[in-house]
Amino acid sequence: MCTRRSTGANGNSVFGASVCTTLADVPTETVVGNFSGDAFADAAISFSVTNTVSVAQSNGVGGVTGTPVDSPGGLSPSGLARADIDGDGIVDIVVAESGANAIRVLLRGTPGTPPIDSPAGLAPTALVLADFNLDGKLDVAAANTDDNNVSLLLGDGTGHFLNTGYFGTRDLPVGLAAGDFNGDGKPDLVVADSFSDSLTVLLNQSWSGDPLSWVSVYGASRNVFRWGIVPGAVYDVIRGDIHSIAPQPDHVDLGPVLCLAEDFTGNDTAAFPDDVNPAENEVFFYLVRSVIGGVASDYTVSSNGRIGRPTSGDCNQ
């Protein structure tokens, strides 16, 4: 592990000489945080061979002091993130366990606290923390390299996370970051698809009162959709072209749409996947609404809280 201190200069002199520390294993990821409570930033490092995460305390001049403290990192730990997950004022560590298809939370406020594992997708290798559903608690997005998708795991503020589904990417997602890419005040995701040489942008569609939390899964030239169950409901699923969307003062005009499923009793369209791919310069969107007692809810679309209404081609409800 090597660090290079900033000199405050410009050009080739912006960083000073490397200060390197020999590690006992092959590191897979590192994240910087104030883990020791002193004035210096420390490093947490994952090691996939020994299945550990080590915290190396900074000595203030680029190296480390003492012996790094190991914690159980799960099976083949790779990606790391750090934040105060449980609100005790102490920085915690979240690990992508690529060999266990899970994420692991290492709560550092109480010594001896066991790790908390939560299921993700196949081989998560990177993760990012943000409040994706705007409830004031940190959530996790994990890039599942062997699934070609991203898991969204909602946090309860205690270190436990619930996998609410999967968002499709292109081939072999290996990195991701969160930021507000469309200026609506909600954290979105950008994913690095290593095999496709591309970036996938996932815009956050959360809004208060949306019960469905629908997500998409892409693969084998088909689109499959899953969403949360609403008691006593059946569902309508539509597809449209994003270029036809036109915001109105009190709603969002979705344009002409195609009804893919009407009064569907399940919460997974795997039985009839949409195998139509958009043509060049087209971009499909898919929306779900619940129908209870013959009364249809609004389509789950987020644009400053406005609901979505198709111009034509809607399901009959």
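Structure shown above.
Computed from a predicted structure; not experimentally measured.

Caption draft 1: Spatial organisation of the overall build of the protein chain. Secondary structure summary: the protein chain contains zero helices and 25 strands in total. Referenced to the eigenvectors of the C-alpha coordinate spread, the extents of the protein chain come out at roughly 70 × 45 × 35 Å. Put simply, the protein chain has 317 residues, and 41% of those count as buried. Pairs at least 24 residues apart make up 45% of the contacts formed inside the protein chain by residues separated by at least 6 positions. Separation between the mean location of the 14 positive side-chain charges and that of the 37 negative ones in the protein chain comes to 3 Å.

Caption draft 2: Quick peek at the state of the cysteines. Considering all chains together, one arrives at one disulfide under this definition. Between the sulfur atoms of Cys-259 and its disulfide mate Cys-315 the distance is 2.0 Å. With the S-S dihedral at roughly 100°, the linkage between Cys-259 and Cys-315 falls on the right-handed side. Of the two residues, Cys-259 sits in strand β22 (residues 251-264) while Cys-315 sits in the segment after β25 (307-312), which places them 56 residues apart along the sequence. On the accessibility criterion, Cys-315 (4% relative accessible area) is buried.

Caption draft 3: How the structure looks around the environment of Leu-107. Secondary-structure assignment places Leu-107 in the loop between β9 (102-106) and β10 (116-119). Taking the relative accessible area as the measure of exposure, Leu-107 reaches 14% and is therefore buried. When sequence neighbours within four positions are dropped, the list of residues in contact with Leu-107 reads Ile-85, Asp-86, Asp-92, Thr-113, Ile-116 and Thr-158.

Caption draft 4: How the structure looks around the pattern of salt bridges. Enumeration according to the criterion identifies five salt bridges in this entry. Taking the shortest distance from any N to any O, the salt bridge between Asp-274 and Arg-239 comes out at 3.0 Å. Here Arg-239 lies in strand β20 (residues 234-241) and Asp-274 lies in the loop between β22 and β23 (284-292), a separation of 35 residues in the sequence. With respect to class, Asp-274 is no different from Arg-239; both count as buried. The partner of Arg-289 in a salt bridge is Asp-314, with the nearest N and O atoms 3.5 Å apart. Of this pair, Arg-289 sits in strand β23 while Asp-314 sits in the segment after β25, placing them 25 residues apart in sequence. Note on Asp-314: relative accessible area 27%, which makes it partly exposed. What emerges from the salt-bridge pattern is a single network uniting Glu-97, Arg-104 and Asp-117.

Caption draft 5: Representation of the pairing of strand β11 (residues 124-130) in the model. Among the seven residues in β11, six count as buried, and that is most of the element. The pairing of β11 with strand β12 (residues 139-144) spans six bridges and is antiparallel. The residue bridging Leu-127 from the neighbouring strand is Ala-142, located in β12.

Caption draft 6: Up close: the side chain of Asp-193. Position of Asp-193 among the secondary structure elements: in strand β16 (residues 188-193). Nearest to the buried, unbridged Asp-193 among oppositely charged side chains is Arg-170, at 5.6 Å. Polar contacts involving the side chain of Asp-193 include one to the side chain of Thr-200, which spans 2.6 Å. The residues contacting Asp-193, other than those within four sequence positions of it, are Thr-169, Arg-170, Asp-171, Leu-172, Pro-173, Ser-198, Leu-199 and Thr-200.

Caption draft 7: Representation of the sheet that holds strand β14 (residues 161-168). Read from one edge to the other, the open sheet built from four strands follows the order β11-β12-β13-β14, with strand pairing classed as antiparallel. Unpaired on one side and paired on the other, β11 and β14 mark the two borders of the sheet. Ignoring strand direction, the axes of neighbouring strands in this sheet form an average angle of 25°. As defined by bridge partners, strand β13 (residues 149-155) adjoins β14 across seven bridges and the pair is classed as antiparallel. Note on β14: the bridge partner recorded for Gly-155 is Phe-161.

Caption draft 8: Representation of the environment of Pro-256 in the model. By the secondary structure assignment, Pro-256 is in strand β22. Pro-256 has contacts with Gly-240, Ser-244, Thr-311 and Ser-312, leaving out every residue within four places of it along the chain.

Caption draft 9: Up close: the nonpolar core. If you look at the biggest cluster of nonpolar residues, it comprises 16 residues, and the most contacted ones within it are Ile-85, Val-94, Ile-103, Leu-127, Leu-129, Val-140 and Phe-161. Of all elements in the fold, only β7 (77-83), β8 (92-97), β9, β11 and β12 reach the threshold of two or more residues within this core. Setting aside anything within four residues of it in sequence, one finds Leu-127 in contact with Gly-79, Leu-80, Ala-81, Val-94, Val-95, Ala-96, Ile-103, Val-140, Ala-141, Ala-142 and Leu-176. Residues Leu-152, Leu-189, Val-191 and Leu-202 belong to the second largest nonpolar core, which totals 12 residues.

Caption draft 10: Region of interest: a nonpolar patch on the surface. Judged by side-chain polarity, Leu-172, Val-174 and Phe-195 come together as a nonpolar surface patch covering roughly 280 Å² of accessible area. Among the secondary structure elements, Phe-195 is positioned in the loop between β16 and β17 (198-202). The exposed category is assigned to Phe-195, whose relative accessible area is 60%.

Reading the values: the criteria
- Residues numbered from 1 in each chain as written.
- Predicted model: local features only at pLDDT ≥ 70, side-chain atom pairs only at ≥ 80, totals over all residues.
- Heavy atoms only, no water.
- Helix = DSSP H or I, 4+ residues; strand = E, 2+ residues; numbered from the N terminus.
- Buried < 20%, exposed > 50% of the residue type's maximum accessible area, 1.4 Å probe, protein only.
- Contact = heavy atoms within 4.5 Å.
- Lys, Arg positive; Asp, Glu negative; His and termini not counted.
- Charge placed at Lys NZ, Arg CZ, Asp CG, Glu CD.
- Disulfide = S-S within 2.5 Å.
- Salt bridge = Lys/Arg side-chain N within 4 Å of Asp/Glu carboxyl O.
- Pairing = 2+ DSSP bridges.
- Polar contact = N/O pair within 3.5 Å; in protein donor to acceptor, adjacent residues only side chain to side chain.
- Axes fitted to C-alpha atoms, helices over the stretch in contact; angles between N-to-C directions.
- Core = buried A, V, L, I, M, F, W, Y, C linked by side-chain atoms within 4.5 Å.
- Patch = residues over 30% accessible without salt bridge, like charges linked within 9 Å, V, L, I, M, F, W, Y side chains within 5 Å.
- Areas by Shrake-Rupley, 256 points an atom, 1.4 Å probe, with all protein chains shown as cover.

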